[in-house]
Structures are given as C-alpha cells and as structure tokens.
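Listed here are the chains, written in short residue letters.
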Amino acid sequence: MFIYYTSSNTHQSKKHITGHFSTPHFLIMYCDSGIYYINAISSISMATRIAEKNLERDRNVQGKNWLFTYSSYFSDEENIQIFIDAVASVLSDKELDILYVGSASGLVGERLITSLGKGKLTLVDISQKHLNENINPTTTKICADILELNLEKTFDLIIMRSSLDYFPSKDLQIQVLKIIKNHLTPNGLFINQPAYIPPIEDRNLVSNIYNQTEKMGDRFFQSTDMKELYIESGFSEPQKIGDGKVMYLTEQDHIQRYELTYWEVKGIQDLIKKNRKSQYALVTSNGYKLRFEFPIFLSK
Ligand SMILES: C[S@@+](CC[C@H](N)C(=O)[O-])C[C@H]1O[C@@H](n2cnc3c(N)ncnc32)[C@H](O)[C@@H]1O
C-alpha cells in the first residue's frame, strides 16, 4: 500500500511523507507549530491518542491566550507568589536543576528561578506554540509528550501545575508519575499543584462533566485518592505545603475556551441536576458553576 501526504499548512514549508506499508495501516498526523508527529501503525498508541487530543482540545489557548484564560487564574500574581512561597519553604540552599512538566510558557517556573536568584530551568510541554512564548534564552525548552519522556538526566526539583488531569485515568496518571520519578535525583523533590476536588464523588462528577463533550474531555481530576497513585508510582505520600486560590468556572469560561454550544451547556446542566447535592458543581440560571481547589503537594 502506498500512502502519500501533503501538508496543507500554509505557514510552514510543505512537507511530503511517502511510504510503503505492508501491514494494516492508519496514517495519523498532527501538527503543532511546524512540529509533525506521525504514526503509521496498525494500532495507534494510547500515548499518541492522548497527546493528539490534548493538543487539539487546547488549540484556542495555545501560544497566545493561555495566561488570560479563566480570568488569568494561572498568571495571577497572588497565585504565583503562593506557589513560590510553598516551593521556597522546602528547598535547600543549593543551586537547583529544575524541570517543569506540562509547563505551557513556563511562567511560574521562570518566576521561581528569579525569586531564588539561581538555578536552571527546563520546560517540557506537548505544545510548541506554548513553548515559543518563552523568550528566556537560558531556559531549555523541550516539546515532548510526558508519557514518552526520557531526557536521560535527572533533576533536583520537578514541578507540575494543573496538568495531571490531562491524563484521563488512574493508570495513565501512575505512568506519568513513574516517568516523573525516573527524572528525579535520589533526593529530588516533586511539587505538584493539581486541580483538586476533595470529595471523590464530586471529583467523579466534575470529571464526567468534562467528559460529557469531546471538546473538553478526556479529563480525570485529582482527589483524596491521589495518594494511592503516588505510592503506586514509588513516591512518598504527598504532603500539602500550600493552597492556591479556589478557582470558579462557569459555562462562559468553557464557551470561550472550548466553543461549547447551547445544547452542550444544557447537557452539562442536566448531568449536574441528577447530582444536585454537589458543592463543586452547581446549576445556575444561564448554565453552571464549578469549583476547583489548587493545593500544593510535596513528595519525594
Ligand atoms: C492546564 S495547562 C497548565 C499549564 C501550566 N502548568 C500553568 O500552570 O500555567 C496544561 C499543560 O499541559 C500540557 N500537556 C497536555 N498534555 C501533555 C502531554 N501529553 N505531554 C506534555 N505536556 C502536555 C498542555 O499543553 C498545557 O500546557
């Protein structure tokens, strides 16, 4: 079988991929800012499907809008300071080699390095567009899928913020945590600030709300059962070292970010109505309101 592909991306020089495939085949190709990912295999790997989906779903915020998304929650000065204070409270004095996974443009990592006055920063994100926004020449930027990460080096500190939920099952999150653990020095620290919903039933409901539409799913948010994932991955039990501001999201936030339609909002309202008692997902007159906590956890 002969497969021929021509890119229709007018911003990049045209790329042609040709090949012979003797087995049943699919050609999957996705492009983010000139980076082409190609799979020509009979069954597409789970990691690839997730990476592809994460890129596609965030297309409206990559490279320009991320830091303004959700009322600028992720670039909010107070939130950044809470994160820096929590991290600084557990660091030694030595010069640190820091890895930031799922970094987008790496703002909180850059601010951490500035505040420490020393250290080296490496960013890893699946979106080249996000990484392109970081213009610090001393920061290393790596466009890669965390699920396939092998940097062949270890770091004193690995940070992650609001990214674990992009891996939509416990098993995948364990895989991610194991990969993170493999990139830590023996005494290295992992500091994670996940989107967190303490009652497990409410976490399941909010994850289901996201998974109600292809535009927002697949997601699996963190809850009190996160510690089992950490232990299973070889980490110590996560210890809370800080608390980011609570984030409230409404249907308007999701309409802007994911282009939800009236019927999709209605579908989410109907799902919430079946679970009226949740304090983390409420129906409102125009749509809904979701509540996320953002605790900061330390683990070794
Ligand atoms: C909610 S954003 C958080 C960005 C940043 N940590 C912050 O706090 O501003 C999640 C990030 O994870 C990245 N991401 C999603 N799936 C990924 C994957 N498989 N490998 C690497 N990065 C991924 C996204 O591109 C995005 O930048």
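Residues numbered from 1 in each chain as written. Predicted model: local features only at pLDDT ≥ 70, side-chain atom pairs only at ≥ 80, totals over all residues.

What is the right way to read the overall build of the chain from this model?
A tally of helices and strands in the chain yields 10 helices and 12 strands. Residue burial in the chain is summarised as follows: out of 300 residues, 34% are buried. A separation of at least 24 residues holds for 66% of the contacts in the chain among residues at least 6 apart in sequence. (Helix = DSSP H or I, 4+ residues; strand = E, 2+ residues; numbered from the N terminus. Buried ≥ 20, exposed ≤ 12 C-beta atoms within 10 Å, placed from the backbone. Contact = placed C-beta atoms within 7 Å.)

Is there a simple way to explain the site of the ligand in this structure?
Of all residues adjacent to the ligand, which total 21 residues, the nearest are Asn54, Gly102, Ala104, Ile126 and Arg161. For the shell around the ligand, the elements supplying multiple residues, two or more each, are α1 (46–57) and β6 (120–125). Of the residues forming the shell around the ligand, the biggest block, 3 residues, is contributed by α1. When its residues are assigned to classes, the shell around the ligand shows 10 nonpolar, 7 polar and 4 charged. (Near = placed C-beta within 6 Å. Nonpolar A, V, L, I, M, F, W, Y, C, P; charged D, E, K, R; others polar.)

Explain the environment of leucine 149 here, please?
In this fold, leucine 149 is placed in the loop between β7 (140–143) and β8 (155–161). C-alpha separation for the pair leucine 149 and valine 101, spaced 48 residues apart in sequence, amounts to 9.9 Å. Those residues in contact with leucine 149 that lie beyond four places of it in its chain are Val124, Ala144 and Ile179.

What should I look at first to understand the confidence of the model for the chain in this one?
A low pLDDT means the predicted coordinates there should not be read in detail. On average, the chain scores 87 in pLDDT, and the residues at 70 or more come to 85%. Taken as a whole, residues 1–43 scores under 50 in pLDDT and shows 52 contacts with residues more than four places along the chain or in a different chain. (pLDDT = per-residue confidence, 0-100.)

Is there a simple way to explain the pairing of β6 in this structure?
Residues in a regular strand project their side chains so that they alternate between the two faces of the sheet. By the criterion of burial, β6 is predominantly enclosed, with 5 of the 6 residues buried. Of the strand pairs in this sheet, strand β5 (residues 97–101) and β6 are connected by 5 bridges, and their pairing is parallel. Within the sheet, the bridge partner assigned to valine 101 lies in β6 and is valine 124. Strand direction decides the pairing type here: β6 and β7, joined by 4 bridges, are parallel. Considered in β7, the bridge of threonine 122 is made with threonine 140. (Pairing = 2+ DSSP bridges.)

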